[in-house]
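Structure at a glance
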Amino acid sequence: GPGQAEMYAGLQELGVANGEDLKETLTNCTEPLKAIEQFQTENGVLLPSLQYALPFLDLHGTPRLEFHQSVFDELREKLLERVSAIALEGKVEERYKKLEDLLEKSFSLVKMPSIQPVVMCVMKHLPKVPEKKLKLVMADKDLYKACAVEVKRQIWQDNQALFGDEVSPLLKQYILEKENILFSNDISFLQNFFSPSPKTRRQGEVVQKLTQMIGKNVKLYDMVLQFLRTLFLRTRNVHYCTLRAELLMSLHDLEISEICTVDPCHKFTWCLDACIREKFVDNKRARELQGFLDGVKKGQEQVLGDLSMILCDPFAINTLALSTIRHLQDLVGQDTLPRESPDLLLLLRMLSLGQGAWDMIDSQVFKEPKMEAELITRFLPLLMSFVVDDHTFTVDQKLPSEEKGPIPYPSTIPEAFTKFLQENRIACEIGLYYILHITKQRNKNAFLRLLPALVETFSDLAFSDIFLHLLTGNLTLLSDEFALEEFCTSLFDGFFLTACSRKENVHRHVLRLLLHLHHKVAPAKLESLQKALEPTKQSGEAVKELYNQLSEKLELRKPSPAEVAETPSMELPLPTVPTPASR
């Protein structure tokens, strides 16, 4: 067929007879058998000792093809070993000269399946495959597919669009994996989005594949960073910032100095990575990080764009915010003001650099955002006053009460707190982490007091997936409170349901929470929630799917009509207690 002809076309160029030549010989001869014998002699394996061995194999019924094939396979293995050896021996110029000659001779046979591995092996060992050959490979889908990654890198580095086509599905997969974790049906305060260590995260499939594609090629690394910046600008999706840091640290793990030494963020990222591992910025590392920020020289401010992207990684923000809350608690104990703590000021500086990443890369104005004095002189002292309120209340509870009766927990929120959460991004981020902190401490009073401030926050941060993922996890610690009408009304009607209809993701998070805790919720409340959360025509598949799962679980909980009839009527309906199986 035509495929065959194309496959063997290269043989003639090398002066090797092929099927066409045999056809030619047989068409123009008088004694076909003699002609075949002569063709076999001329084109067979030229070893005198074989003259007698071949008839012997014929007697045993071994086809000549099988014999030639096994000799060929043996030779090919030897040749592949030899090529790999040439690539390592002698002077650099000489060994590459040998390989280039070999490529020149063999390339015309690259379509022959039996020879292709050898040609591919030669190219793989050449640091610079001739441009013409790369173009031929690129133009042929099958050849391109069969190429070693070492050859593809040479093609990619001058073909950004082609490289983009290879990288794009991996980036989509990465974002999807992150979102699947945030919306996972397993809700727990022990295991959450931030639980895996940086080292574990870098073993992920996408990071590993990208690392492999880049190799030691700085040009390809720069291209991937450019893709990540562009996508971050286009979508504002902060997971691209995580990938930016993970990729650099994955190359760091492999000690690829060719890339690490030219990325100006390397040492900063390495230090921050250690903090993320500990979920805390200690004093020694704080000094180091500060040194990097202070060391940005005139004329090199552009590096701030990269550093801000590294600090915008949710894992970095999580670490900085948790450290900030810990510092504030310590300051309460030491009777120190926030403005007197250099460590705290550094954390805020890094938070605002991270939170300002999008604006900086978008505007291309590379300077650190200005810190608002009010954040330090008014907002943080406010948070500290909440910590003090908690201490006072706890102590009061323990004192023997005189005539005055129990002191109620403060229920109002200072107006300034709500205003800060609406207007100041850093204040909002820290405020949300403070709320996560009190929830984790099972401090129901403080939680209910501050919850109303979350309905309207800076760019709706309280309805962002990462916050809701963490909040739902921490709320499982307050699961017993869900039996109380007042608690449910504050949490659902006062917070979640205010955004459900306009924000699909909030709808999903509430359903996740109820799937997990429905057996704790007072039945009457559960029924009204089921009505309120019913999907609309506009709802996406995920919401419908979750809603159906919840409905099925609630169906299972309903007692059968027979049971209902037998129950003596009581003044108060008893909350149904689920059997372990129906959970």
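A short tour of the structure in this document, coming up.

Calculation rules
For every chain, the first residue of its written sequence is number 1, and the numbers climb from 1 along that sequence. In keeping with the model being predicted, local features are shown solely for residues with a pLDDT of at least 70 and side-chain atom pairs are shown and tallied solely at 80 or more, while totals for entire chains, interfaces and linings include all residues. The basis for every side-chain value is the complete set of heavy atoms in the structure, and neither hydrogens nor water enter the calculation. Here a cavity is any set of points on a 1 Å grid over the protein atoms alone where a 1.4 Å probe fits but cannot get out, and a pocket is any open set with protein on both sides within 12 Å along at least 5 of 7 lines; a residue lines the site when it has an atom within 4 Å of a point. Grid points are joined across faces, edges and corners, and a volume is the space filled by probe spheres set on the points. Each helix corresponds to a stretch of at least 4 residues labelled H or I by DSSP, and each strand to a stretch of at least 2 residues labelled E; elements are numbered beginning at the N terminus. Classification used: nonpolar for Ala, Val, Leu, Ile, Met, Phe, Trp, Tyr, Cys and Pro, charged for Asp, Glu, Lys and Arg, polar for all others including Gly. Any Lys or Arg side-chain nitrogen located within 4 Å of an Asp or Glu carboxyl oxygen qualifies as a salt bridge. Only protein chains enter the accessibility calculation, which uses a 1.4 Å probe; a residue whose area is less than 20% of its type maximum is buried, one above 50% is exposed, and one in between is partly exposed. Regarding the arc, it is the one traced by the directions from the helix axis to the C-beta atoms. In what follows, a contact means two residues having at least one pair of non-hydrogen atoms within 4.5 Å.

What follows deals with empty space enclosed by the protein. Under the defined criterion, the tally for this structure stands at one cavity of 30 Å³ or more. The calculated volume of the largest cavity comes to roughly 100 Å³. As for the largest cavity, its lining consists of 14 residues, and the residues nearest its centre are Ala245, Glu246, Asp273, Ile276 and Asp313. Sorting the residues of the lining of the largest cavity by element identifies helix 12 (198-202), helix 15 (239-253) and helix 17 (266-278) as the ones contributing at least two each. Residue composition of the lining of the largest cavity, grouped by class: seven nonpolar, two polar and five charged.

This part is about the layout of surface pockets. Approximately 1200 Å³ is the volume attributed to the second largest pocket. Val238, Gln355, Arg425, Glu429 and Leu461 are the residues nearest the centre of the second largest pocket, which is lined by 48 residues in total. Elements with a minimum of two residues in the lining of the second largest pocket: helix 11 (160-182), helix 14 (218-235), helix 20 (314-334), helix 21 (342-355), helix 22 (357-363), helix 25 (425-440) and helix 27 (465-475). For the lining of the second largest pocket, the class distribution of residues is 23 nonpolar, 13 polar and 12 charged.

A separate point is the pattern of salt bridges. Per the counting criterion, the structure on display carries 24 salt bridges. Across the pair arginine 449 and aspartate 389 runs a salt bridge, and its minimum N-O distance is 2.9 Å. Separated by 60 residues along the polypeptide, arginine 449 in helix 26 (residues 444-450) and aspartate 389 in helix 23 (residues 373-398) bring together distant segments of the chain. In this structure arginine 449 comes out as buried when scored by relative accessible area, which is 8%. A residue is classified by how much of its surface remains accessible, and aspartate 389, at 23% relative accessible area, is partly exposed. A salt bridge links glutamate 481 to lysine 444, with the nearest nitrogen and oxygen atoms 3.2 Å apart. You can see glutamate 481 sitting in the loop between helix 27 and helix 28 (485-500) and its partner lysine 444 sitting in helix 26, a full 37 residues away along the chain. The partly exposed category is assigned to lysine 444, whose relative accessible area is 23%. Each of Arg229, Arg244, Asp263 and Asp306 takes part in salt bridges that share partners, so that together they form one network.

A few words on helix 13 (residues 205-214). For helix 13, every residue scored as buried is listed here: Val206, Val207, Leu210, Thr211, Met213 and Ile214. Angular distribution of buried residues about the axis of helix 13 spans 160°; they occupy a single face of the element. Check the buried side of helix 13 and you find it contacts helix 10 (149-156), helix 11, helix 12, helix 14, helix 15 and helix 16 (257-260). Glycine 215 sits one or two positions beyond helix 13 and adopts a positive phi of about 60°.

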